[in-house]
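Secondary and tertiary structure notes
Listed here are the chains, written in short residue letters.
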Amino acid sequence: MSRRWYILQTYTGYENKIERSIKALLESGDISSDVLTEVRVPVEELVEIKDGKKKVRNNKFLPGYIMLEMDLPEFGWKTTCTQLRRLQGVNGFVGTDANTRPIPISNDEAMNLLQKSGVIKGDKQVHVKQSYNIGDVVKITDGAFATFSGTVKEIFMDREKLTVEVQIFGRPTPVEVSFGQAEKQ
């Protein structure tokens with residue numbers, strides 16, 4: 001067998017508690033570290049800008065789910081899975097019932113989730129909490145147009161960018177900036 005990633009569904013808000021419980025089972029030897037090799041609660045960095053101050057916090061981007069890297073044996077997989085399912089706050093493995101062998105996620109899905117959470121080096125995604133509305137007056141704090149003020153004309157949530165109309169040489173000019181480069185006035 002080979003190691004694959006599985007998704008364990010939990011009650012929302014219990015992810016860290018269940019992660020600690022699983023690690024305790026590993027340390028006590030109740031679950032073999034050869035079978036269960038890694039436990040991850042998928043989190044991403046979220047930058048929140050309030051009153052001109054940046055606050056970085058970790059945000060669970062899959063609330064209610066834990067990633068498990070396991071090398072499930074052909075025989076005896078049910079013992080390990082039953083121990084995990086019996087933890088308080090666990091609903092079971094995604095896509096299967098209690099009597100069925102868990103189905104792993106694809107390697108691409110696993111790599112995307114691990115990259116998003118910063119476990120795998122690459123394009124780590126840092127999201128900025130959006131608190132802008134069209135018509136808001138903002139000050140650009142970074143980049144070529146730093147110190148310019150203008151009005152928000154468009155918001156692109158998918159790209160985390162704003163189109164801000166600023167006055168350059170007395171003419172209104174649209175400028176595209178990222179959420180992190182602007183702050184409300």
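Note that the structure is predicted; figures quoted are calculated from it, not measured.

What counts, and where the lines are drawn
Residues numbered from 1 in each chain as written. Predicted model: local features only at pLDDT ≥ 70, side-chain atom pairs only at ≥ 80, totals over all residues. Heavy atoms only, no water. Helix = DSSP H or I, 4+ residues; strand = E, 2+ residues; numbered from the N terminus. Buried < 20%, exposed > 50% of the residue type's maximum accessible area, 1.4 Å probe, protein only. Expected span 1.5 Å × (residues − 1). Arc of directions from axis to C-beta. Pairing = 2+ DSSP bridges. Axes fitted to C-alpha atoms, helices over the stretch in contact; angles between N-to-C directions. Contact = heavy atoms within 4.5 Å. Phe/Tyr/Trp six-rings, centres within 6.5 Å; stacked < 30°, edge-to-face > 60°. Lys NZ or Arg CZ within 6 Å of the ring centre and 35° of its normal. Core = buried A, V, L, I, M, F, W, Y, C linked by side-chain atoms within 4.5 Å.

1. As for unusual backbone geometry
- In this structure, Glu 160 is a non-glycine residue whose phi angle is positive, near 55 degrees.
- Along the chain, the position of Glu 160 falls in the loop between strand E9 (149–156) and strand E10 (161–168).
- Residue Glu 160 is classed as buried on the basis of its relative accessible area of 17%.
- A positive phi is found at Phe 169, a non-glycine position, where the angle reads about 55 degrees.
- If you trace the backbone, Phe 169 turns up in the loop between E10 and strand E11 (171–178).
- Of the residues examined, Phe 169 reaches a relative accessible area of 82% and is grouped as exposed.

2. Section: helix H1 (residues 15–28)
- For H1, built from 14 residues, the straight-helix expectation of 20 Å at 1.5 Å per residue is met to within 8% by its first-to-last C-alpha distance of 20 Å.
- Looking only at H1, the buried set comprises Glu 15, Ile 18, Glu 19, Ile 22 and Leu 25. Buried positions in H1, seen along its axis, are confined to an arc of 120 degrees and lie on one side of it. Away from its buried face, by an angle of more than 90 degrees, H1 presents the exposed residues Arg 20 and Glu 27.

3. Examining the sheet that holds strand E6 (residues 90–93)
- Strand order across the open sheet formed by 4 strands is E2-E5-E1-E6, with antiparallel pairing between neighbours. Two strands close off the open sheet at either side, each with one partner strand: strand E2 (36–40) and E6. Looking at each pair of strands side by side, their axes are set apart by 30 degrees on average, direction ignored.
- Strand direction decides the pairing type here: E2 and strand E5 (residues 65–70), joined by 4 bridges, are antiparallel. Residue pairing across strands places Val 39 opposite Leu 68, the latter belonging to E5.
- Sheet contacts for H1: strand E1 (4–10), E2, E5 and E6; angle to E2, the most-contacted strand, approximately 160 degrees.
- Of the strands in this sheet, E1 and E5 are in contact with helix H3 (residues 107–116), which crosses E1 at around 65 degrees.

4. Focus: the environment of Ser 131
- If you trace the backbone, Ser 131 turns up in the loop between strand E7 (126–128) and strand E8 (137–140).
- Separated by 48 residues in the primary sequence, Ser 131 and Phe 179 place their C-alpha atoms 8.9 Å from one another.
- Excluding its chain neighbours within four sequence positions, the residues that come into contact with Ser 131 are Asp 136 and Lys 184.

5. Description of the packing of aromatic side chains
- The full count for this structure, using the stated rule, is 4 aromatic pairs.
- With a centroid separation of 5.5 Å and an interplanar angle of 85 degrees, the aromatic rings of Tyr 11 and Tyr 14 are classed as edge-to-face.
- What makes Tyr 14 partly exposed here is its relative accessible area of 30%.
- Its end group placed over the ring of Phe 156, Arg 159 keeps NZ or CZ at 4.4 Å from the ring centre.

6. With respect to the nonpolar core
- Among the nonpolar cores identified, the biggest contains 20 residues, and Ile 22, Leu 36, Leu 68, Met 70, Leu 84 and Phe 93 are the most heavily contacted of them.
- For this core, the elements supplying multiple residues, two or more each, are E1, H1, E2, E5, helix H2 (77–85) and E6.
- Ignoring anything within four residues of it in the chain, the contact list for Leu 68 reads Arg 4, Trp 5, Tyr 6, Leu 8, Ile 22, Leu 36, Glu 38, Val 39, Leu 84 and Phe 93.
- Ile 140, Val 152, Val 166 and Val 177 belong to the second largest nonpolar core, which has 12 residues in total.

7. Thoughts on the sheet that holds E10
- Ordered by their spatial adjacency, 5 strands build an open sheet running E11-E10-E9-E8-E12, and the pairing between neighbours is antiparallel. Unpaired on one side and paired on the other, E11 and strand E12 (182–184) mark the two borders of the sheet. Direction aside, neighbouring strands of the sheet carry axes that sit 45 degrees apart on average.
- As paired strands, E9 and E10 are joined by 6 bridges and run antiparallel to one another. Following the sheet pairing, Gly 150 is matched in E10 by Val 166.

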